[in-house]
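Here is how the chains run, residue by residue.
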Amino acid sequence: MGALLLAMLLVPFATIAVLYLMPRDRVEPLASRLGFYAGAVVLVLAVAFACAFDYTKTGYQGSVNWNWIPALHIRFHLGVDGISLPLVLLTVLLSVLCFFYSIRHMPEGGSQRAYTALLLLLEIGMLGTFLAADLILFFVFFEIVLLPMWALIAYWGADGAKAAANKFILYTLLGSAVMVVGFLVVYAYADSFDMAWLTAHARGDVPKGAALTAFALIALGFAVKTPMFPLHTWLPDAHTAAPTTGSVLLAGVLLKMGTYGFVRIAVPILPQAAPTYAPALAAFGVVGVIYGSLACLSIARKPDGDLKRLIAYSSIGHMGFVLLGIGSLTTVGMNAALFASVAHGLITGLLFFLVGGLKVRVHSAKLDDIGRALYRRAPKYAALIAFAAMASLGLPGLAGFWGEVLALFSATKPGSGLTQGSYIAMASIAALGLVLTATYLLAVVRRVCMGPAATQSEEPVTELTAVETATWTPLVLLTLAAGLWPALLLGITNPAVRVLMKGV
Amino acid sequence: MSTLALWIPLLPLLSAAALAAISLADRGRAQNGRSRARAAVPALAVLPIAAAAVLTFVVLFGHGTGAATESRIRYAATGGPELWLGARVDGLAALIAVLVGVVATAVQLYSVSYMAHEERYTSYSALISLFTAAMLVVVYSTDLLVLLVGWEIMGACSYFLIGHHWERPEARSASVKAFLVTKFGDAPFLLGILFLAHGAGTFRIQPILQHAIQQGGHGYTAAGAILLIGGVMGKSAQVPLQTWLPDAMAGPTPISALIHAATMVAAGVYVVARLYPVFLVTPAALWILAISATLTAVTAALSAFAQRDLKRILAYSTVSQLALMVAALAAGGRDAAVFHLMSHGGFKALLFLGAGVIIHKAGTGDVDELNTQGLRRKLPVTFVTMTIGLAALAGFPPFSGFFSKESIAGAAYETATHSGPTKSLIGITPPAGIGWLVLVATLLTGFLTAAYALRTWWMLFGPLERGWFRSAVEISQRQLKPSEPAQEAETPTAAEVAAASEWALEALVAESIREQDAAAEEAAAKARAGRPEAPRAELLPLVVLAAVTTVFGFVGLNLGWFASWLGDADGGAYRASAAKAGKLIQPAAAYHLAPALLSTVLALIALALGFGVVFAAARAKPGADPNHVLGFLRKPAFLGFRADDLQDAVVVRPIQVAADTVGFLDTEVVDGYVRGSGHAARLLGEGLRRIQTGNVQLYLTGVLTGVVVIAAALGFGR
């Protein structure tokens, strides 16, 4: 099984090598196809791993554990458990969909080869982040992700992309720089970077004061990534500027690296510090829910509101529920955070694809340019928009529901050492956020999908294409599956989360 | 039986899935002839629902009068209490499921003909099937979180169905309004469920009820009960969340029948009945229910009296009748409330389906115009069945509404006077004050209901020749249209014109809605002009429902029969002996369902007064709409007492202001500190730009070197 994990990292790496070893003019027209094949192979490997995975066991499976820098006890340690498995699968799925979509919809901005290589590198970084079982290895992969994403936004993005890309990388670089210092503080006392070992032992080794410092530093890095209000301002710009695939992966996977960090590293490794900061995490999360939804509403009310920007802000709201779940410091809360993360990856991935498709059609993501009455002009496309909106507003039966409801459930009875009253207040505010979320999504559907009967001057809109159908169907089906049968995800995460939360 | 019940919602769900698939495959091809799959749509729409309806009867009779049974399968782990997919069948669930099945089947059958000419019939019927599945989940579910799934899916279905004619502005806003107003109530509802689950340590209903009975109404139970009311107000359209229901008339008429009779609005009442002990142990929750419901019952009845549009009359009447059920629940009359829920479901579905026939035939829903059309002769079947429906609504014996409303008054009376057995299993009867409040409101509402039911009947089938009150707008419009036959020679007096001008605005609104309706349905109406009353598929449900409405009330006559079927509030088997010994949770179920002398007399007096007022009004101003007796109340009542404006001012506008503020803040202030620190950023940016060579390896090496250097420095430093 360890070989599978290694292969998942090596296949994209080897593909990059092939891309750059082959002569440029021969590889250029093939590049996006090669990328898709590599992504498909990784998907097959990941599915094979999931099939071989023993769901009754807890702890890492498929471990690869090599010495890397022995002097500092840094190891090349990979492993997957119930917490990372769903995120790994989400990553390879969204990646392969992006590769596939890019064959037909290559964004303009640079060579196919460079674009594909960057996506492959991105996949390595994202996968590695979820596979790493060593803090430094985690950090390395965490950083690897930034560079291709920066380049994708800067070179393949829309107007103003350079500034947005710079803002993105500065923000997240600063965040992760602070984060790695936090790791070093932990190391200074516990003498290890091994996540599993630290989870089992760090409580005894790191004194309270140091733990508080380390937690603050680490949490800051993850909070930027998640993003947590008020550290979110890189997100709307980055999303608005990014090419479609960039937005999909940014929202679908990159943000989850932040929540994954909280669930996997910050809380279980420094449980003695967690209760001090948890209320702040939850509170900022709730502020994000309201703030993000109101920002979306204001965009939906403007004639020149940008739909991509709106979805970016909606991510802040959805990730607010994730933070609320984490901030409750309960098993339910962590499960909720993971569920909501995966659900958000599927749904927001779909939403960004849909907006990207509109951009292809009308060359704009602005509400006024898109026009009205898509239910008539492109019925299937509009039905899909309505579906995605319903999923995003947390309709039960679709994936968005369970994560958010369980986050509220955990927040109404938080872990020991946290004041229940204030958490109930926060949960109540977040519950009103659900109404606001519905408000702006229905406003979007009303503006874009509904509308008056046909007029002469109306521009025709292309109906759902075959490529789009093929790319988006898996997202739709998984959104339905996770919504109708939540045990699909909860059954995987719950045993692992239980183990992780034993010490909290 | 609970095992069977577990699978019943699957039938409509599969029907919905199949129809949705056909609809997607069919879209965009509608013009070039219909696919073969489309021919199967009516069968796929009606048969699974009908089969589900039959199965609900099987469950009902299989269950009999026994105690609750439960089948469940593990649904998901949460890390806390587990989730269960299961059916809990007690008498209440079994009875309501039958109501849902029957009405949904009637609506699907009726829609086959009513909506057949619509291009979007397939997706429409798919949504009805999904709607039915969701309601059945609510009815049978053993797990509160799974119940919430059905609850909210119903909200989404009603959103799509009310917005079926999304080309019309009023349908667009009504659909969004319906979803958001109910969602606003769902937020506390959700928290309420979570609280109850925390209290009992599970989401399953049975332990939650037991917890409430054992621990009493404090802590999680009390908070949960009060929070749940938010959702009940939203779904069952009670003050202050009633505003969505009258607007929901923008949806197709069969949808109104479905929403008003058996699904959606019934869900709110049902949930209170289902979780009755939780409410019964929390007097504060009962008071909130009682005050909201009595206020709703009276104001909505006044509004129904003042409306001009047939569907809006019926909508307000639904709001008012639901309020009676909620009031009965607040006053301890669970069985009376359920009795009325079922009888109302029957006659309200009948009234809406009949209204659909009338609107299709006449091309308008304006009662003023309908009055001139001689509907009594043109639509004999509809005339008879609608008359039965309106009589039941008015509470005219022997139709079902008489018995069920009388039982509510009776229950309220016994709570008020504590004349029923007071020592119940948990030692609680609702406060006597609630009983008095509900009794008075019930009688007052009964009086108003009788009045507007008669007025509606008169307007539809009235023997009076024309000469009704007219608004200035309508008069001027009629003058602009010379082709229309002159109908009245009556010239309005100066006072009447003055009064009419006040109405101009509202009339204009009503007019625009009506004209769009008329335009859309004119073709259909024309096509049918030469044909008999309506297709069989539309008349059959009318006749069946009218028959049910005529006989259903007698269920209440048989002492204890209905109550024993309904079972105890906690799902136990009904014990008549225990009830007599005062050991029931609900003190006096059986007695109330049979008419008691006092409450019958009171109800009949209210009925007679209501009829009397309308007759007197008609005599005082011959030919005028009898609702002129409302006097100064007529305008505010017509406008629903301006609840929309209030909602706008209190909720909608502040949110809009907040949104715009955030939109401004985010770009100018929160992001400002980022840009404010732009110098540092720019410096860093410069540095980055220098090393931006596009060489990936260089980046990687840089990052790794950095890490190692820091790590090494720290390592050596120790």
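Throughout what follows, the structure given in this document is the object of discussion. Not measured: the values here are computed from a predicted model. (Residues numbered from 1 in each chain as written. Chains lettered and ligands numbered in written order. Predicted model: local features only at pLDDT ≥ 70, side-chain atom pairs only at ≥ 80, totals over all residues. Heavy atoms only, no water.)

**Brief notes about the overall build of chain A**
Moving on, step 1. A count of helices and strands for chain A gives 21 helices and two strands.
Moving on, step 2. With 504 residues in all, chain A has 68% of them scored as buried.
Moving on, step 3. Taking the intrachain contacts of chain A between residues at least 6 apart in sequence as the baseline, contacts between residues at least 24 apart amount to 82%.
Moving on, step 4. Put simply, chain A shows about 14800 Å² of open surface, and 66% of that area lies on carbon and sulfur atoms. (Helix = DSSP H or I, 4+ residues; strand = E, 2+ residues; numbered from the N terminus. Buried < 20%, exposed > 50% of the residue type's maximum accessible area, 1.4 Å probe, protein only. Contact = heavy atoms within 4.5 Å. Areas by Shrake-Rupley, 256 points an atom, 1.4 Å probe, with all protein chains shown as cover.)

**Quick look at the overall build of chain B**
Moving on, step 1. What chain B contains, in helices and strands, is 33 helices and two strands.
Moving on, step 2. The 718 residues of chain B split such that 60% are buried.
Moving on, step 3. When contacts within chain B are restricted to residue pairs at least 6 apart in sequence, those whose partners lie at least 24 apart make up 80%.
Moving on, step 4. Carbon and sulfur atoms make up 68% of the accessible area of chain B, which amounts to about 25400 Å² in all.

**Quick notes on the interface of chain A and chain B**
Moving on, step 1. Contacts between chain A and chain B engage 84 residues on the former and 71 residues on the latter.
Moving on, step 2. Carbon and sulfur atoms supply 75% of the area buried between chain A and chain B, which totals about 6700 Å² over both sides.
Moving on, step 3. Taken together, the connections running from chain A to chain B amount to one salt bridge.
Moving on, step 4. For R301(A), the salt bridge is made with D660(B), and the minimal N-O distance between the two is 3.2 Å.
Moving on, step 5. Applying the counting criterion to the chain A and chain B interface returns 12 residue pairs in polar contact (both at pLDDT 80 or more).
Moving on, step 6. Broken down by element, the residue count for the side of chain A that touches chain B peaks at 14 residues, all from helix 19 (residues 420-448) of chain A.
Moving on, step 7. Tallied by class, residues from the side of chain A that touches chain B come to 57 nonpolar, 15 polar and 12 charged. (Buried area = accessible area lost by both parts, 1.4 Å probe. Salt bridge = Lys/Arg side-chain N within 4 Å of Asp/Glu carboxyl O. Polar contact = N/O pair within 3.5 Å; in protein donor to acceptor, adjacent residues only side chain to side chain. Nonpolar A, V, L, I, M, F, W, Y, C, P; charged D, E, K, R; others polar.)

**Concerning helix 6 (residues 121-140) of chain B**
Moving on, step 1. With 20 residues, helix 6 of chain B should cover 28 Å at 1.5 Å per step; its first-to-last C-alpha distance of 29 Å lies within 8% of that length.
Moving on, step 2. Burial analysis of helix 6 of chain B places 18 of its 20 residues in the buried class, which makes it a mostly covered element. (Expected span 1.5 Å × (residues − 1).)

**A short note on unusual backbone geometry**
Moving on, step 1. Here the bond from T226(A) into P227(A) is cis, since omega is -15°, no more than 30 degrees from zero.
Moving on, step 2. In this model, F229(A) is joined to P230(A) through a cis peptide bond whose omega is 0°.
Moving on, step 3. Along the chain, the position of P230(A) falls in the loop between helix 9 (208-225) and helix 10 (234-241).
Moving on, step 4. The backbone of H363(A) sits at a positive phi, close to 60°, despite the residue not being glycine.
Moving on, step 5. Inspection of the secondary structure puts H363(A) in the loop between helix 14 (331-362) and helix 15 (367-370).
Moving on, step 6. When its relative accessible area of 69% is taken as the criterion, H363(A) is described as exposed.
Moving on, step 7. Here M264(B), not a glycine, exhibits a phi torsion of approximately 50°, which is positive.
Moving on, step 8. For M264(B), the position within the fold is in the loop between helix 12 (253-261) and helix 13 (265-274).
Moving on, step 9. By relative accessible area, which is 0% here, M264(B) ends up buried.

**Notes on the packing of aromatic side chains**
Residues and elements named next belong to chain B.
Moving on, step 1. Using the criterion set out here, one finds 42 aromatic pairs over all chains in the structure.
Moving on, step 2. Ring geometry for W151 against F189: centres 4.2 Å apart, planes inclined by 5°, an arrangement best described as stacked. Taken as a pair, W151 in helix 7 (residues 144-162) and F189 in helix 8 (residues 169-200) lie far apart in primary sequence, 38 residues in all. For the pair W151 and F189, a shared accessibility class is recorded, and that class is buried. (Phe/Tyr/Trp six-rings, centres within 6.5 Å; stacked < 30°, edge-to-face > 60°.)

**Details of the pairing of strand 1 (residues 61-69) of chain A**
All names here are of chain A.
Moving on, step 1. Where strand 1 lies against strand 2 (residues 74-80), six bridges are found, and the strand directions are antiparallel. Each residue of the ladder has a partner; that of N67, found in strand 2, is R75.
Moving on, step 2. As consecutive antiparallel partners, strand 1 and strand 2 are separated by four residues, and within that stretch H73 has a phi angle of approximately 60°, a positive value. (Pairing = 2+ DSSP bridges.)

**What about the pairing of strand 1 (residues 69-76) of chain B?**
All names here are of chain B.
Moving on, step 1. In terms of strand pairing, strand 1 meets strand 2 (residues 83-89) through seven bridges, oriented antiparallel. Across the sheet, the residue bridging to E70 is R88, located in strand 2.
Moving on, step 2. Two successive antiparallel strands, strand 1 and strand 2, enclose a turn made up of six residues, where G79 displays a positive phi of approximately 100°.

**Comments concerning the packing of helix 4 (residues 84-104) of chain A against helix 14 of chain A**
When two helices pack together, their arrangement is given by the angle between the helix axes and the distance between those axes.
Residue and element names in this part refer to chain A.
Moving on, step 1. For the pair helix 4 and helix 14, interaxial distance at closest approach is 10 Å and the crossing angle is 10°. With respect to helix 14, the element helix 4 is oriented roughly parallel. Seen from helix 4, the contacting residues are P86, L87, L90, L93, L94, L97, C98 and Y101; seen from helix 14, they are L338, S341, V342, G345, L346, F353, G356, G357 and V360.
Moving on, step 2. The residue makeup of the contact of helix 4 with helix 14, split by class, is 13 nonpolar, four polar and no charged. (Axes fitted to C-alpha atoms, helices over the stretch in contact; angles between N-to-C directions. Parallel < 35°, antiparallel > 145°, perpendicular 65-115°, else oblique.)

**Focus: helix 16 (residues 310-330) of chain B**
All names here are of chain B.
Moving on, step 1. Across its 21 residues, helix 16 extends 30 Å between first and last C-alpha, which sits within 8% of the 30 Å expected from 1.5 Å per residue.
Moving on, step 2. Across the 21 residues that make up helix 16, a large majority, 20, are buried.
Moving on, step 3. The N-cap of helix 16, judged by a side-chain oxygen 3.1 Å from the amide nitrogen of K311 a few residues on, is D309.
Moving on, step 4. Of the residues flanking the end of helix 16, it is G332, one or two places downstream, whose phi is positive at about 90°.

**Here we look at the pattern of salt bridges**
Residue and element names in this part refer to chain B.
Moving on, step 1. Counted by the stated rule, this structure contains 22 salt bridges over all chains.
Moving on, step 2. The salt bridge involving E167 is made with R120; its shortest N-O contact spans 3.1 Å. With a gap of 47 residues between them, E167 in the loop between helix 7 and helix 8 and R120 in the loop between helix 5 (91-114) and helix 6 connect regions that are remote in the sequence.
Moving on, step 3. Of the residues examined, E167 reaches a relative accessible area of 26% and is grouped as partly exposed.
Moving on, step 4. A network of salt bridges, in which partner residues are shared, links K177, D247, R312 and D644.

**Looking at the nonpolar core**
Moving on, step 1. With 432 residues, the main nonpolar core has F168(A) and Y140(B) as its most contacted residues.
Moving on, step 2. At 19 residues, the largest contribution of residues to this core is made by helix 6 (residues 135-156) of chain A.
Moving on, step 3. Those residues within four positions of Y140(B) in sequence are excluded, and the remaining contacts are A5(B), I8(B), T56(B), V59(B), G86(B), A87(B), R88(B), V89(B), A93(B), A97(B) and R274(B). (Core = buried A, V, L, I, M, F, W, Y, C linked by side-chain atoms within 4.5 Å.)

**As for the environment of L390(B)**
All names here are of chain B.
Moving on, step 1. Inspection of the secondary structure puts L390 in helix 20 (residues 380-394).
Moving on, step 2. On the basis of relative accessible area, L390 is assigned to the buried category, the value being 4%.
Moving on, step 3. Excluding its chain neighbours within four sequence positions, the residues that come into contact with L390 are L351, A453, T456 and W457.

**So, the packing of helix 2 (residues 10-26) of chain B against helix 6 of chain B**
Residues and elements named next belong to chain B.
Moving on, step 1. Packing of helix 2 against helix 6 brings their axes to within 8 Å, and their N-to-C directions diverge by 160°. The angle between the axes of helix 2 and helix 6 places the two elements in the roughly antiparallel class. Of the two elements, helix 2 crosses helix 6, and the hand of that crossing is left-handed. From helix 2, P12, L13, S15, A16, L19, A20, I22 and S23 reach across to helix 6, where they touch T122, S123, S125, A126, S129, L130, T132, A133 and L136.
Moving on, step 2. Looking at side-chain class alone, the contact of helix 2 with helix 6 contains 10 nonpolar, seven polar and no charged residues. (Left-handed = near helix turned anticlockwise from the far one by under 90°.)

**So, a nonpolar patch on the surface**
Moving on, step 1. A contiguous nonpolar surface patch, about 920 Å² in accessible area, is contributed by L477(A), L480(A), L484(A), W485(A), L488(A), W7(B), L10(B), L13(B), L14(B) and I73(B).
Moving on, step 2. Going through the elements one at a time, helix 20 (466-484) of chain A together with helix 2 of chain B are the ones with two or more residues in the nonpolar patch.
Moving on, step 3. Following the sequence through the fold, L477(A) ends up in helix 20. (Patch = residues over 30% accessible without salt bridge, like charges linked within 9 Å, V, L, I, M, F, W, Y side chains within 5 Å.)

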